[in-house]
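So you can see what is in the structure, the chains are spelled out below.
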Amino acid sequence: MLQRMYKLRRANEELRADLRTSQIIAAELQCRVTDVDRKLLEEKERGWERERIAWTEEREELATELKHQKELDSVS
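1. Examining the overall build of the protein chain
Now for step 1: A tally of helices and strands in the protein chain yields 1 helix and 0 strands.
Now for step 2: Expected size for 76 residues packed as a compact globule is a radius of gyration near 11 Å; at 33 Å, the protein chain overshoots this value by more than 25%.
Now for step 3: The C-alpha extent of the protein chain, read off along each of the three principal axes, is 110 × 10 × 5 Å.
Now for step 4: Across the 76 residues in the protein chain, those meeting the buried criterion constitute 0%.
Now for step 5: Only carbon and sulfur atoms are counted for the fraction: they give 58% of the accessible area of the protein chain, which is about 7,500 Å².
Now for step 6: Here the protein chain contributes 16 positive and 18 negative side-chain charges, whose respective centroids are spaced 17 Å apart.

Put into structure tokens, the structure is as follows:
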């Protein structure tokens, strides 16, 4: 009976150790997922910034072209 109790305690301790290991692995994986999510968001934001810059440049070019066209229209 006593031997059975020791075996059960040892099995319980092993299960607790396994649980701690699993919790550590789960926490590490969660950190990795969070890191990947952050990197993806940063990449999207960089893409949005590049797109915004391109639109700003296009707007400036169109404004310059419009100004030039108005100058040509006023001369003729």
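2. Some thoughts on a nonpolar patch on the surface
Now for step 1: Taken together, the side chains of Leu2, Met5 and Tyr6 make up a nonpolar region of the molecular surface, amounting to roughly 300 Å² of accessible area.
Now for step 2: Looking at the secondary structure, you find Met5 in helix 1 (residues 2-75).
Now for step 3: Judged by relative accessible area, Met5 falls into the partly exposed class, the value being 36%.

3. Description of the pattern of salt bridges
Now for step 1: Considering all chains together, one arrives at 7 salt bridges under this definition.
Now for step 2: For Arg38, the salt bridge goes to Asp35, with nearest N and O atoms at 2.3 Å. A residue pair is termed a helical-turn pair when its members lie 3 or 4 positions apart in one helix, as Arg38 and Asp35 do in helix 1 at 3 residues.
Now for step 3: Notably, a salt bridge pairs Glu49 with Arg52, separated by 2.7 Å at the nearest N-O pair. Placement of both Glu49 and Arg52 in helix 1 is noted, with a separation of 3 residues, approximately one turn of the helix.

4. With respect to the environment of Leu15
Now for step 1: Within the element layout of this structure, Leu15 appears in helix 1.
Now for step 2: Residues Leu15 and Ala63, spaced 48 residues apart in sequence, show a C-alpha to C-alpha distance of 71 Å.

5. Some thoughts on a negative patch on the surface
Now for step 1: On the surface, Glu57, Glu58, Glu60, Glu61 and Glu65 cluster together into a negatively charged patch.
Now for step 2: Structurally, Glu60 is set in helix 1.

The rules we used
Residues numbered from 1 in each chain as written. Predicted model: local features only at pLDDT ≥ 70, side-chain atom pairs only at ≥ 80, totals over all residues. Heavy atoms only, no water. Helix = DSSP H or I, 4+ residues; strand = E, 2+ residues; numbered from the N terminus. Rg over C-alpha atoms; globule rule 2.2 N^0.38 Å. Buried < 20%, exposed > 50% of the residue type's maximum accessible area, 1.4 Å probe, protein only. Areas by Shrake-Rupley, 256 points an atom, 1.4 Å probe, with all protein chains shown as cover. Lys, Arg positive; Asp, Glu negative; His and termini not counted. Charge placed at Lys NZ, Arg CZ, Asp CG, Glu CD. Patch = residues over 30% accessible without salt bridge, like charges linked within 9 Å, V, L, I, M, F, W, Y side chains within 5 Å. Salt bridge = Lys/Arg side-chain N within 4 Å of Asp/Glu carboxyl O.

These values are about where atoms sit, not about what they do.
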